[in-house]
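Letter by letter, the chains look like this.
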Amino acid sequence: MQPADEEELVRRIARGDRQAFDELYQRTSPWLAVRLRRRCADEDVVADVLQETYLAVWRAAGSFAGASVSGSAVGWLWTIAAHRLVDAFRRRARQTRTPPPIVSPVRASGAEVTEDLGRALLALPPELRDVLRATVLDGLSVRETALLLGRTGRDGQVTRPAGADRGACPPG
């Protein structure tokens, strides 16, 4: 694979040559996927980054082909992929941020909760009571509640609060 070959393919892509695009993809995508996998173990992220990279190549080939670039077409391709990978990491970080703490939780008034329900809530372990408040009274999802209460494992999965197993609640 000669660098001039890829540069010529990019120039042809800039003119809308679909066959040149297919050839560039066949030549470079295996190599590019390997490089991305060395930096990211998530196959879905790698696949998305590859797709975004080649879409960017198709759209921006004219900027490479029309400029006097000192680097190679393959270097240009890797630069695009590396930027897309960083963007994917940023998106993931934004999606996994914990929600801000609730400053003043919504409390149910005595009129809304019967006396029996109030006693039942007080009989629950504090962690389970916090989960019920967050999900039922505050309307948070299970995932949001787990993040808020720090109940996620290393793998990001929701963990059960102490006392949430069967038989933890006193008989009613």
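Residues numbered from 1 in each chain as written. Predicted model: local features only at pLDDT ≥ 70, side-chain atom pairs only at ≥ 80, totals over all residues. Heavy atoms only, no water.

For helix H2 (residues 18-39), with 22 residues, the first-to-last C-alpha span of 30 Å sits near the 32 Å given by 1.5 Å per residue. For H2, the principal kink sits at Thr28 and spans about 45°; a proline, Pro30, occurs within the next four residues. Between a side-chain oxygen at the N-terminus of H2 and the backbone nitrogen of Gln19 the separation is 2.9 Å; the capping residue is Asp17. (Helix = DSSP H or I, 4+ residues; strand = E, 2+ residues; numbered from the N terminus. Expected span 1.5 Å × (residues − 1). Bend = angle between axes of the 7 residues up to and from the residue. Polar contact = N/O pair within 3.5 Å; in protein donor to acceptor, adjacent residues only side chain to side chain.)

Val10, Ile13, Leu32, Leu36, Leu50 and Val57 are the most contacted members of the largest nonpolar core, which has 27 residues in total. When contributions to this core are tallied by element, the ones reaching two or more residues are helix H1 (3-14), H2, helix H3 (43-65) and helix H4 (73-96). It is H3 that provides the largest number of residues to this core, a total of 9 residues. Sequence-distant contacts of Leu50, that is, excluding residues within four places in its chain, are made with Ser29, Leu32, Ala33 and Leu36. (Core = buried A, V, L, I, M, F, W, Y, C linked by side-chain atoms within 4.5 Å. Buried < 20%, exposed > 50% of the residue type's maximum accessible area, 1.4 Å probe, protein only. Contact = heavy atoms within 4.5 Å.)

A few words now on the packing of aromatic side chains. What the rule picks out here adds up to 4 aromatic pairs. Geometrically, the ring pair formed by Phe21 and Tyr54 is edge-to-face, given 6.3 Å between the ring centres and 85° between the ring planes. Taken together, the positions of Phe21 in helix H2 and Tyr54 in helix H3 put the pair 33 residues apart, joining distant regions of the chain. A centroid spacing of 4.8 Å and a plane angle of 75° characterise the contact between Tyr25 and Tyr54, whose relative ring orientation is edge-to-face. (Phe/Tyr/Trp six-rings, centres within 6.5 Å; stacked < 30°, edge-to-face > 60°.)

Along the chain, Ser29 turns up in helix H2. Apart from residues lying up to four places away in sequence, Ser29 is in contact with Leu24, Leu50 and Tyr54.

We now examine the pattern of salt bridges. For the structure on display, the rule yields 11 salt bridges. Across the pair Arg27 and Asp5 runs a salt bridge, and its minimum N-O distance is 3.9 Å. One end of the pair, Arg27, is in helix H2; the other, Asp5, is in helix H1, and 22 residues separate them in sequence. Taking the relative accessible area as the measure of exposure, Arg27 reaches 28% and is therefore partly exposed. Asp87 serves as the salt-bridge partner of Arg90, at 3.8 Å between the closest nitrogen and oxygen. Highlighted residues: Arg90 and Asp87, both in helix H4, separated by 3 residues, approximately one helical turn. (Salt bridge = Lys/Arg side-chain N within 4 Å of Asp/Glu carboxyl O.)

The next point concerns the environment of His83. Residue placement: His83 occurs in helix H4. A C-alpha to C-alpha distance of 9.2 Å links His83 and Val49, two positions 34 residues apart in sequence.

Over its 24 residues, H4 runs 35 Å from end to end, which matches the ideal 34 Å to within 8%, given 1.5 Å per residue. Taken together, the buried positions of H4 are occupied by Ala73, Trp76, Leu77, Trp78, Ile80, Ala81, Leu85 and Ala88.

Below, the discussion takes up the packing of H2 against H4. Axis angle and axis distance: for two packed helices, these are the angle between their axes and the distance between the axes, and together they describe the pair. Relative orientation of the contacting elements H2 and H4 amounts to 40°, with a least axis distance of 11 Å. Considering their axes alone, H2 and H4 lie oblique with respect to each other. Seen from above, H2 lies across H4 with right-handed handedness. Along the contact surface, H2 presents Thr28, Trp31, Leu32, Arg35, Leu36 and Arg39, while H4 presents Val74, Leu77, Trp78, Ala81, Leu85 and Phe89. A class-by-class count of the residues in the contact of H2 with H4 yields 9 nonpolar, 1 polar and 2 charged. (Axes fitted to C-alpha atoms, helices over the stretch in contact; angles between N-to-C directions. Parallel < 35°, antiparallel > 145°, perpendicular 65-115°, else oblique. Left-handed = near helix turned anticlockwise from the far one by under 90°. Nonpolar A, V, L, I, M, F, W, Y, C, P; charged D, E, K, R; others polar.)

For the rest of this paragraph, the subject is the confidence of the model for the chain. Chain-level pLDDT for the chain is 77 on average; 68% of the residues reach the 70-or-more range. By mean pLDDT, helix H5 (residues 115-123) is the weakest element of the chain at 72, and H2 is the strongest at 94. (pLDDT = per-residue confidence, 0-100.)

Take the environment of Val57 next. Take Val57: it is sitting in helix H3. A relative accessible area of 0% places Val57 in the buried class. In this structure the C-alpha to C-alpha distance between Val57 and Ile13, which are 44 residues apart in sequence, comes to 8.4 Å. Every residue in contact with Val57, bar those within four places of it in the chain, is listed here: Ile13, Leu24, Trp76, Leu77 and Ile80.

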